[in-house]
Amino acid sequence: MSSENHGTVKGDTAMVMSPTGSATQGSPVSPSTSKPMPELPDELVQAGWSKCWSKRENRPYWFNRFTNQSMWEMPVLGQQDVISDPLGLNAAPASAEGAGDAGVGNGQRKRCLSEEAAQGGPNSFKRPKIEIGIPVTPTTPTLPISPITSGAKPWNSTTGTEDKPGQPAPALYRPTVIYWDLDIQTNAVIRERAPANHLPPHPEIELQRSQLTTKLRQHYQELCYQREGIEPPQESFNRWLLERKVLDKGPDPLLPSDCDPIISPSMFREVMNDIPIRLSRIKYKEEARKLLFKYAEAAKKMIDSRNATPDSRKVVKWNAEDTMNWLRRDNSASKEDYMDRLEHLRKQCGPHVTAVAKDSVEGICTKIYHISVEYVQRIRQAHQTMLKDCNITDPEAAEVQGRLVYCYPVRLALPSTTQPRVELHFENDIACLRYKGEMVKVNRGYFAKLELLYRYSCIDDPRFEKFLSRIWCLIKRYQVMFGAGVNEGMGLQGALPVPVFEALNKQFGVSFECFASPLNSYFKQFCSAFPDTDGFFGSRGPFLNFSPASGSFEANPPFCEELMDAMVTHFEELLEKSSEPLSFIIFVPEWRDPLTPALNRMETSAFRRHQMSLPAFEHEYRSGSQHICKKEEMYYKAVQGTAVIFLQNAAGFAKWEPTPERIQELLAAYQVSQPTLGSPVPSSTSSAPTTPSPASAGGSGNKDSTAAKTAPERSASLDTSPSSQENSSSGGSSALENTTPPSEAASI
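Attention here is on the structure that accompanies the text. The residue numbering used here restarts from 1 in each chain and proceeds along that chain's sequence as written. Given that the model is predicted, a residue must reach a pLDDT of at least 70 before its local features are reported, and side-chain atom pairs must reach 80 or more before they are shown or counted; all residues, however, enter totals for whole chains, interfaces and linings. Values reported for side chains reflect all heavy atoms of the structure, with hydrogen atoms and water molecules removed beforehand.

What follows deals with a negative patch on the surface. Negative charge collects at one region of the surface, where E336, D337, D340 and E343 lie side by side. Under the DSSP-based scheme used, a helix requires at least four consecutive residues in state H or I and a strand at least two consecutive residues in state E, with every element numbered from the N terminus. Here E343 is to be found in helix α8 (residues 335-389). A residue counts toward a patch only above 30% relative accessible area and without a salt bridge, and it is joined to like-charged neighbours within 9 Å or, for Val, Leu, Ile, Met, Phe, Trp and Tyr, to nonpolar neighbours within 5 Å. Shrake-Rupley sampling with a 1.4 Å probe provides the accessible areas, and residues are treated as covered by the protein chains on show and by no other component. One side-chain nitrogen of Lys or Arg within 4 Å of one carboxyl oxygen of Asp or Glu is enough to make a salt bridge. Counting rule for charge: Lys and Arg are taken as positive, Asp and Glu as negative, and neither His nor the chain ends is counted. In plain terms, the charge of a residue is placed at NZ if it is Lys, CZ if Arg, CG if Asp and CD if Glu.

Okay, structure coming up:
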């Protein structure tokens, strides 16, 4: 049995749901049957049973390739078969001895997990096997799992190599605190999907994409300086990428190439806000005086140098000169006087300055977009050439039954090419991965988290031969998207505190994140920006392309106005279409000056059941750089209020109603002091073979961004909308409610 590595790994790829809603946890892959033993009755063979030989125990055992059950005694004819008799109507009654093992009746002893795990090393694993063509009822959520490759060797995350016989197992890295819980099973149900047509990631292509994206950032910086004399607005390029991907229909997962309109509203708006000069926060009176003088001077200079109308030139010059004269005369004004005068000057000169700068700023947006299109073509051509050299062609379209299943990670239709060598070494608690001189880093605990997610989600690499190269591509992708500056992009990947996730799961059954990444996710099921790199680590793809029929979800989107507006549209379409329990708990910035369209639409939505506000500086977020930052930098205060809104259909409201008691538990989770902000090590992490455990556009919004948006402080309040009162009695039963697994699914 040493070559079988018959250890069990818990994950969503190892769970097939029975029609009763109970989880039949997957056992390992079908063991070797090199010693033929054909003495099994035909009935048992047809039911999936085969007789195998245990080299460790030197005796036979029986394994069912359909149910992944293994036992030391021969199965008894007539015992429950979850395939032909899913409800157990024809099964013989279980004795007291066997009552403790679900699905194993007649007193037969199932092989213990400890016995199975002991057959391999501490890092051994194998994946469950599933047969194609098993009859499934249309309303039974069943997880489709592809067949695996037998003979997998265990992966050793400590050394970065495969385990070798005779070598002692290395000491496991066990952090005291971690920030995720991968034991929680999903209750999100979707229609079965065909494999995605994205090109498989490769370090060489990712390196080229990184270099071209960095070059595109430099072009943007040069255009802003040459044409407008300003530095690019902080992180405006990052928000441009997010806003463009909402509309983009092009083939590249990062750079836009097929958008309508070409001119980005996000980039145009942010550049215009910094013309003629960038306004900053003012603390002192002298700073306000200097800022007012600089604005008047820059506005006058700009209107003189551009092709402005005589009326515009006259208005701007008169107001600018009047302001300068006032500054020379009055030296006793207060900070508030200077700021009031600045606001008045902006209102008078702003429309005229915008008019003369409009064509130039539109030219910047257009130029950046066309350069991006050119870069996408170059990347695509290089990628297709690589696949062609490896004789990888487009596969035939897969047939999809469209049955209801529990959500599963994105699968790629094209197989991956042979991956190049990526070097791995550890510097204290940091894992360093290097490819062609380009190094990416990740905290050792998060490296272990990625390993666990890879075990649970990846189906085409049982030997972990492509593990390091895929991690390198994953981290490099997020690093390139959010920039390499100090703390750049940190706010765009922020996440909720661990106690809040625990409260959401316990009180409202939340088991899925709509906007996350493999680096910052709390659950092992989530949506993220990049299906090609993230799918191997559990991503269900971009949320705007994800259509659940039921489930309870948390949404903490990147704070990009266009993305949040598209998110609300998607929420309302899903809630309108589904009659199954469906719930979304949304965390967005409370921007009210001016009021953002997304917040306004959610507050007036017919599906709004409850809303509350978290005051600024009285709640925290987890850092977007949590996978690399220090422990003391893990949390930071929110500088603006956060609105928490519950959108639910009638069935979702009946199942996960935001009662005052539940809301109080959620609010109490925000009051947990920072030293205790950490989740105890979940059983999947502590019992996994290699667990050095302690992140988009996944993740969350720019929690620190206050430019052009200031949220008033509001105390946390309880507010139940009238629509919740009207629909409180219209819950009813649902077809999927009885088959949805509980949030607290039992672990293997």
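Right, let's get into the sheet that holds strand β12 (residues 438-443). As summarised here, the arrangement of the three strands in space is β10-β11-β12, forming an open sheet in which the pairing is antiparallel. Since the sheet does not close on itself, it has two edges, and those belong to β10 (423-427) and β12, each with one partner. Strand after strand, the sheet turns through a mean of 25° between neighbouring axes, direction not considered. Two strands make a pair as long as DSSP finds a minimum of two bridges between them. Here β10 runs beside strand β11 (residues 430-435); their pairing, made up of five bridges, is antiparallel. Across the sheet, residue E423 finds its bridge partner in β11, namely R434. A contact between two residues is defined here by any heavy atoms of the two lying within 4.5 Å. Angles run from 0 to 180 degrees between N-to-C directions of axes, and those axes are lines fitted to C-alpha atoms, restricted for helices to the stretch in contact. Seen against the sheet, helix α9 (residues 444-457) touches β10, β11 and β12 and runs at an angle of roughly 90° to β12.

Here the aromatic set is Phe, Tyr and Trp, taking the six-membered ring for Trp, and pairing holds for ring centres within 6.5 Å; pairs whose planes are under 30 degrees apart are stacked, those over 60 apart are edge-to-face, and all others are tilted. Tallied over the entire structure, the rule returns 26 aromatic pairs. Each ring, one from F501 and one from F523, has its centre 5.7 Å from the other, and the planes form 85°; the classification is edge-to-face. Linking F501 in helix α11 (residues 498-508) with F523 in the loop between β13 (512-513) and α12 (531-534), this pair joins segments that are 22 residues apart in sequence. When sorted by exposure, F501 lands in the same class as F523, which is buried. Aromatic pair F515 and F543: ring centres 5.6 Å apart, planes at 55°, arrangement tilted. Here F543 lies in the loop between α12 and β14 (548-555) and F515 lies in the loop between β13 and α12, a separation of 28 residues in the sequence. Exposure categories follow from relative accessible area, calculated using a 1.4 Å probe and restricted to protein chains: below 20% of the type maximum is buried, above 50% is exposed, and the middle band is partly exposed. Given the relative accessible area of 7%, F515 is considered buried. One aromatic cluster in this structure is built from F512, F515, F543, F546, F553, F571 and F584. A ring is scored as having a charge over it whenever the NZ atom of a lysine or the CZ atom of an arginine sits within 6 Å of its centre and within 35 degrees of its normal. Its end group placed over the ring of Y408, R193 keeps NZ or CZ at 5.9 Å from the ring centre. The ring of F426 is capped by R444, whose NZ or CZ atom sits 4.5 Å from the centre of that ring.

Counting through the fold element by element, P251 comes out in the loop between α4 (236-247) and α5 (265-273). Accessibility expressed as a relative area gives 42% for P251, which makes it partly exposed. The residues touching P251, leaving out its near neighbours within four places in the chain, are S257, V376 and R380.

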